[in-house]
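Commentary on secondary and tertiary structure
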Amino acid sequence: MNKSGYIIISVLLIALAGILMGYNKDKVHEHARGDLTGEGKHLVVLTGEDNQEYLKDIVIYSLENGKREVYREDISYLNPWKLMVGDVDGDGADEISIGVYKESPLHPVMAKRPFFYNFDGEELVPKWRGSRLSRPFQDYILHDFEGDGIMEVVAIEYLQDDTQLLNSYKWREFGFEGFKESEPVESIEKVYSNGGELFAYVKKDMSHVKYSVFEGENELEWGEYNE
Ligand SMILES: [Ca+2]
Ligand SMILES: [Ca+2]
């Protein structure tokens, strides 16, 4: 066999090994677990290719009696970039939140928007595809301030002078309503929820400072973080 024959066979063998080892499976970029129907655990996944800003398929697996795919849809038209799962209205079933980048009928410019869906066991049911939060935002997370099991939305938003603040929202029957916001800072690099507490990395005088963020009486307070 000549050299190119060996190469072709090698490529085929590698591809076969890949299939056998499961490398042909979806590339999972974002994943989250929750109880979407109030009746059992699910795993939700957003697939996508490496080096691509926006993702492709949403795949839902039931985790009851083994892992079983129960839903799949190509949502690349939404330009999805983030996935989270959490109960925002307190009915015991977790919503799926997808961060999208698109226009909306009421706000026809490309912008990041947080979409929320329910899964009824068969279909994704839109719960809230609000056109925007209070201001343009960089990122958002779900966080439970009071530990009541109902998730609030916390967003890193931009003010007009390009400084940033944290803003939060609670679900009120038909949509998200502003809750409390922080004092603005130069720039917020990241906000995350861990063990029931909220943390943020803030850029300050060329350095990066970690804060614990807590709910004050009227606003979100920047608290000293001590390791
Ligand atoms: Ca819910
Ligand atoms: Ca809460």
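Attention now goes to the sheet that holds strand E11 (residues 164–172). Ordered by their spatial adjacency, 4 strands build an open sheet running E9-E10-E11-E12, and the pairing between neighbours is antiparallel. Single-partner strands in this sheet number two, and they are strand E9 (137–143) and strand E12 (175–181). Strand after strand, the sheet turns through a mean of 30° between neighbouring axes, direction not considered. Across 5 bridges, E11 lies against E12 in antiparallel orientation. Paired with Tyr 169 across the two strands is Gly 178, which belongs to E12.

An order of E1-E2-E3-E4 is seen for the 4 strands of this open sheet, with the pairing classed as antiparallel. Strand pairing shows two members of the sheet lacking a second neighbour, strand E1 (28–34) and strand E4 (68–74), which therefore form its edges. Each adjacent strand pair in this sheet contributes to an overall mean axis angle of 15°, direction not counted. Here strand E3 (residues 57–62) pairs with E4 via 6 bridges, running antiparallel. Within E4, the residue paired with Ile 60 across the bridge is Tyr 71.

By size, the foremost hydrophobic cluster in this structure holds 38 residues, and its most contacted members are Ile 96, Val 153, Val 154, Leu 166, Val 191 and Ala 200. Summarising the domain contributions, this core has at least three residues from each of domain 1 (29–132) and domain 2 (134–227). Discounting residues that sit within four places of it in the chain, Val 153 has contacts with Pro 114, Tyr 140, Leu 142, Ser 168, Tyr 169 and Phe 176.

Now for unusual backbone geometry. Positive phi, close to 60°, is recorded for Glu 173, a residue that is not glycine. A positive phi angle, near 45°, is found at Asp 205, a position not held by glycine. Checked against the element boundaries, Asp 205 lands in the loop between strand E14 (197–204) and strand E15 (207–215). The exposure class assigned to Asp 205 is exposed, which follows from the 6 C-beta atoms found within 10 Å.

Taken together, the 5 bridges between E15 and strand E16 (residues 220–224) define a ladder with antiparallel strand orientation. Bridge pairing in E16 places Tyr 211 opposite Glu 224. The turn linking E15 back onto E16 is made up of 4 residues.

Within the element layout of this structure, Leu 220 appears in strand E16. Accessibility expressed as a C-beta count within 10 Å gives 22 for Leu 220, which makes it buried. Excluding residues that lie within four positions of it along the chain, Leu 220 makes contacts with Leu 166, Ser 168, Lys 180, Glu 181, Ser 182, Val 213 and Glu 215.

Secondary-structure assignment places Lys 102 in strand E6 (residues 95–104). Residues Lys 102 and Leu 78, spaced 24 residues apart in sequence, show a C-alpha to C-alpha distance of 6.3 Å. When residues no more than four places from it in sequence are discounted, the contact partners of Lys 102 are Leu 78, Asn 79, Met 110 and Arg 113.

Calculation rules
- Residues numbered from 1 in each chain as written.
- Chains lettered and ligands numbered in written order.
- Predicted model: local features only at pLDDT ≥ 70, side-chain atom pairs only at ≥ 80, totals over all residues.
- Pairing = 2+ DSSP bridges.
- Helix = DSSP H or I, 4+ residues; strand = E, 2+ residues; numbered from the N terminus.
- Axes fitted to C-alpha atoms, helices over the stretch in contact; angles between N-to-C directions.
- Core = buried A, V, L, I, M, F, W, Y, C linked by C-beta atoms within 7 Å.
- Buried ≥ 20, exposed ≤ 12 C-beta atoms within 10 Å, placed from the backbone.
- Domains from an automatic or database assignment.
- Contact = placed C-beta atoms within 7 Å.

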